[in-house]
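Coordinate analysis (summary)
Each chain, letter by letter, is given below.
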Amino acid sequence: MSRHTTSPGASADAPSAASASPPPVRLPWSRVRTRITAVAAGLFLVLGTGGAAGARTAPPAPPWQKAVDRALADKKLDGGTSGVVVGDASDGRVLYRHRAGTRLMPASNTKLLTSAAAMDVLGPGYRYTTDVLTRGARHGGTLDGDLYLRGTGDPTLLAKDYDALAADVADSGIEKVTGGLVADDTRFDTQRLGASWAADDESAYYSSQISALTVAPDEDYDAGTVLLTVTPGAKAGEKPTVKATPSNRYVDVDVTAKTVAEDGSDTLSVEREHGGNTITVSGGVPAGADPVQSWTSVWEPTGYAASVFADALREHGVRVEGDTESGKATPDGARRVARHTSMPLKKLNFPFLKLSNNNHAEVLTKTMGYETAGKGTWDAGLKAIDAFLEKSGVDTDAIRQVDGSGLSRMDNVSAGEFATLLQSVRKKPWFKQWHEALPVACASDRLTGGTLRDRMCDTPAEGNVHAKTGSLTGASALSGYVTDADGRELVFSIVLNNFLPESVKDVEDEIVVALASSGKDSKAGESGKRSGAPGGALECSWTKPARC
């Protein structure tokens, strides 16, 4: 189960003078900085510095400003960098800014850019199709020619879906295929891993390879991964039993692990070799312990999907005499034998955003590339995202996005640009559906609370905050929406980088709880108290088998 300790962390900067009682300005922040400076200079020249007639009353600081400043002064953030922006969702005024234009590593907050673009470019009702096709002639139950399995990127395909496709093939009357099985994944290019993804994460489920044809082990839809369940033997010295889900002949499992005494140490490790599909289960697992689950990425997920489908065909009495090939396009004029259609994007967004699924982000990126430019590549997809962001008021010259998920440490986005996007998309016809797919603070259901399921409980933020989390070593972020005690909706973005502690999520929670607590008649946010949220070192999307 790949005991990676890729801890999402973060760091921030001590509050700067820019935090203090800023004049209200309109989002997008990136487009108004120059104008603000010019206007401020003009006011100084016109009003002067003395005399009652020339005096200008500064707008009152928001009641939660001291609490936010205090949170950003936390020693955990010493030596790091932080960006924070808070705006009024109703009119776009910036109410608070701290290093709003500083580009930082956003981690999974990058998914805000990708998911919003996908809703706009593809549409909430967009669905993937997976087809079985042929051009061969039929002679009774014999198909002369190849059988093609063509994928378009669906990251939610399960073994049962391939079984249903195989059943449809059998129901069509095909009993024997004289040719081979061709896995057509040509909708996307062959670049499987994103720019600067860490080599030591290669076998981790959150770094699975991207293909237009893949399979997931369960309804978290971690496409391109296999789930291994390791059950200890009855007594010390015995080998544990290992079950793979889905059952397949594509992955080889080498079990060198041993069952140890009940009071022995759990040292179990599950790792896939580089460049292949031998997964080694090593170490020790105590007798009497509960079964251990581990999700591991596979090498070349197209072949994995084809193997699962080939086994399903065999189970349904369809014999394929030829070999299985990958990467070959279905010929024009091929007839469809069976089809599976995915859930719509508006529904896919729930496992994608709630559970922060990296694979989904990259699949959607390549899908946007295909739909806008006819190229299922990262480059084409990122251009489609960039075009959407530019239309939304984001200064695309001031950000760098190299993947869809934020797994890359090359991504750079400021809190100000996130705030601009969050404000802009409120006007979109699909906003409500997208907003509902964001994690909700302390909502107990996994597909409601998601990565915020255990955060900000027993505070005014509980059930109130809809926001996207982000975590990498030394980088943490939280951006979204919160309603204050007076019923005013706020947009906020908090991006923290280069901190050394395991986590600074309690700092994020303190800021957001202060926003949720504040109102005209409320002193909340000025007491200096923490929210009480645990702010664990790792968000749940990184800690399988612990589940969000």
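Remember, predicted model here, so these are calculated numbers, not experimental data. (Residues numbered from 1 in each chain as written. Predicted model: local features only at pLDDT ≥ 70, side-chain atom pairs only at ≥ 80, totals over all residues. Heavy atoms only, no water.)

Remarks on the overall build of the protein chain
Here is the rule: Comment: elements are numbered from the N terminus, with helices defined as DSSP H or I runs of at least four residues and strands as E runs of at least two. With a 1.4 Å probe rolled over the protein chains alone, any residue whose accessible area is under 20% of its type maximum counts as buried; one over 50% counts as exposed, and the rest are partly exposed. Residues count as neighbours in contact if any of their non-hydrogen atoms are within 4.5 Å of one another. Residue exposure ignores everything except the shown protein chains as possible cover, and the areas themselves are Shrake-Rupley values with a 1.4 Å probe.
Within the protein chain, the secondary structure is distributed over 12 helices and 23 strands. For the protein chain, the residues scored as buried account for 58% of the 548 residues in total. Summarising the internal contacts of the protein chain: among those between residues at least 6 apart in sequence, 75% fall at separations of at least 24. Carbon and sulfur atoms make up 49% of the accessible area of the protein chain, which totals about 21400 Å².

Observations regarding the sheet that holds strand 12 (residues 252-255)
To keep it simple, the criterion reads: Strands are labelled as partners when DSSP assigns at least two bridges between them. Note on definitions: angles span 0 to 180 degrees between N-to-C directions of axes, and those axes are lines fitted to C-alpha atoms, for helices only across the stretch in contact.
Strand order in the open sheet made by the 3 strands is 12-15-14, with mixed pairing throughout. Looking at strand neighbours, the two that pair on one side only are strand 12 and strand 14 (269-272), the edges of this open sheet. On average, adjacent strands in this sheet sit at an angle of 20 degrees to one another, irrespective of strand direction. The pairing of strand 14 with strand 15 (residues 278-282) spans 4 bridges and is classified as antiparallel. Looking at the pairing, Val270 lines up with Val281 of strand 15.

Some details on the sheet that holds strand 17 (residues 292-297)
Strand pairs in the sheet, formed through backbone hydrogen bonds, run parallel or antiparallel to each other. Strand order in the open sheet formed by 3 strands is 11-10-17, with antiparallel pairing between adjacent strands. Whereas interior strands pair on both sides, the edge strands pair on one side only; in this sheet they are strand 11 (241-245) and strand 17. When the angles between neighbouring strand axes are averaged without regard to direction, this sheet yields 25 degrees. Across 5 bridges, the pairing between strand 10 (residues 225-231) and strand 11 is antiparallel. Opposite Thr231, over in strand 11, you have Thr241 as the bridge partner.

Notes on the packing of helix 7 (residues 358-373) against helix 8 (residues 378-391)
The condition that has to hold: When describing relative orientation, an angle under 35 degrees is termed roughly parallel and one over 145 degrees roughly antiparallel, while 65 to 115 degrees is termed roughly perpendicular and anything else oblique. In this count, Pro and Cys sit with the nonpolar residues alongside Ala, Val, Leu, Ile, Met, Phe, Trp and Tyr, while Asp, Glu, Lys and Arg are called charged and the others, Gly among them, polar.
Contact geometry for helix 7 and helix 8: axes closest at 7 Å, N-to-C directions at 85 degrees. Classified by the angle their axes make, helix 7 and helix 8 are roughly perpendicular. Two secondary-structure elements touch here, helix 7 through Glu362, Thr365, Lys366, Met368, Gly369, Thr372 and Ala373 and helix 8 through Trp378, Ala380, Gly381, Leu382, Ala384 and Ile385. Of the residues belonging to the contact of helix 7 with helix 8, the class tally is 7 nonpolar, 4 polar and 2 charged.

Digging into the side chain of Lys111
As a reminder, the rule being used: Residues scored as positive are Lys and Arg, those scored as negative are Asp and Glu, and His as well as the terminal groups of each chain are ignored. For this analysis, a salt bridge means a side-chain nitrogen from Lys or Arg found within 4 Å of a carboxyl oxygen belonging to Asp or Glu.
Note that Lys111 resides in helix 3 (residues 110-121). We note that Lys111 is buried and unpaired, the nearest opposite charge coming from Glu362 at a distance of 7.0 Å. Aside from chain neighbours lying at most four places away, what touches Lys111 is Phe352, Leu353, Ser356, Asn357, Asn358, Ala361, Gly404, Ser405 and Lys468.

Some words on helix 4 (residues 159-171)
Basically, it comes down to this: Multiplying one less than the number of residues by 1.5 Å gives the expected span of a helix.
For helix 4, built from 13 residues, the straight-helix expectation of 18 Å at 1.5 Å per residue is met to within 8% by its first-to-last C-alpha distance of 18 Å. All of the buried residues in helix 4 are Asp161, Tyr162, Leu165, Ala166, Ala167 and Val169. Elements in contact with the buried residues of helix 4: strand 4 (129-134), strand 7 (147-150), helix 5 (301-315) and strand 20 (335-341).

Points about the nonpolar core
Our working rule: In this text, buried Ala, Val, Leu, Ile, Met, Phe, Trp, Tyr and Cys residues form a nonpolar core when linked through side-chain atoms within 4.5 Å.
In this structure, Leu345, Phe388, Leu389, Leu421, Val425, Trp434 and Tyr481 are the most contacted members of the largest nonpolar core, which totals 64 residues. For this core, the elements supplying multiple residues, two or more each, are helix 3, helix 6 (345-354), helix 7, helix 8, helix 9 (415-424), helix 10 (431-436), strand 22 (475-483) and strand 23 (489-497). Not counting residues up to four positions away in its chain, the partners in contact with Val425 are Ala116, Phe388, Trp430, Phe431, Trp434 and Tyr481. Residues Ile279, Val292, Val308 and Phe309 belong to the second largest nonpolar core, which totals 37 residues.

Comments concerning the packing of helix 6 against helix 7
Where helix 6 contacts helix 7, the two axes come as close as 9 Å, and the packing angle between them is 145 degrees. Listed contacts from helix 7 to Leu345, Leu348, Pro351 and Phe352 of helix 6 are His360, Ala361 and Leu364. Looking at the contact of helix 6 with helix 7 residue by residue, the classes come out as 6 nonpolar, 1 polar and no charged.

Notes on the side chain of Thr469
For the record, the criterion: As used in this structure description, the phrase polar contact means that two N or O atoms lie within 3.5 Å; if the pair is within protein, one of them must be able to donate a hydrogen and the other to accept it, and residues adjacent in sequence are counted only when both atoms belong to side chains.
Along the chain, Thr469 turns up in strand 21 (residues 466-472). Given the relative accessible area of 0%, Thr469 is considered buried. Polar contacts involving the side chain of Thr469 include one to the side chain of Thr451, which spans 2.8 Å.

Observations concerning the confidence of the model for the protein chain
Operational definition: Summary of the metric used: pLDDT quantifies the predictor's per-residue confidence within the range 0 to 100.
On average, the protein chain scores 89 in pLDDT, and the residues at 70 or more come to 84%. Segment residues 1-25: pLDDT under 50, and 117 contacts once partners within four positions in sequence are set aside and those in other chains are kept.

Describing helix 8
Helical geometry: 3.6 residues make up each α-helical turn, so side chains three or four residues apart lie on a common side. In this model, helix 8 (14 residues) spans 20 Å end to end at C-alpha, consistent with the 20 Å of a helix rising 1.5 Å per residue. Among the residues of helix 8, those classed as buried are Trp378, Ala380, Gly381, Leu382, Ala384, Ile385, Phe388 and Leu389. As for helix 8, its buried residues are in contact with helix 3, helix 7 and helix 9. Phi turns positive one or two residues past the end of helix 8, at Gly393, with a value near 90 degrees.

Some thoughts on the pattern of salt bridges
Counted according to the given criterion, the structure contains 23 salt bridges. Asp189 serves as the salt-bridge partner of Lys366, at 2.5 Å between the closest nitrogen and oxygen. Separated by 177 residues along the polypeptide, Lys366 in helix 7 and Asp189 in the loop between strand 9 (181-184) and strand 10 bring together distant segments of the chain. With relative accessibility at 0%, the residue Lys366 sits in the buried group. Measuring nitrogen to oxygen at the nearest pair gives 3.0 Å for the salt bridge that ties Glu300 to Arg192. You can see Glu300 sitting in the loop between strand 17 and helix 5 and its partner Arg192 sitting in the loop between strand 9 and strand 10, a full 108 residues away along the chain. According to the relative accessible area criterion, Glu300 is partly exposed, its value standing at 28%.

Describing the pairing of strand 7
In this structure, strand 4 lies alongside strand 7, joined through 3 bridges in antiparallel fashion. If you follow Leu133 over to strand 7, its bridge partner there is Tyr148. Here strand 7 pairs with strand 9 via 4 bridges, running parallel. Pairing of Leu147 across the sheet is with Leu181, part of strand 9.

Some points on unusual backbone geometry
In this structure, Pro246 follows Thr245 across a cis peptide bond, with omega equal to -5 degrees. Mapped onto the secondary structure, Pro246 falls in the loop between strand 11 and strand 12. With a phi angle near 60 degrees, Tyr221 is a residue other than glycine that sits in the positive phi range. By relative accessible area, which is 11% here, Tyr221 ends up buried.

Details of the environment of Leu447
Here Leu447 shows up in helix 11 (residues 446-449). Residue Leu447 is classed as partly exposed on the basis of its relative accessible area, which comes to 37%. As for Leu447 and Asp220, which are separated by 227 residues in sequence, their C-alpha atoms are 9.6 Å apart. Here Leu447 is in contact with Phe350, Pro351, Lys354 and Leu355, once residues within four sequence places are set aside.

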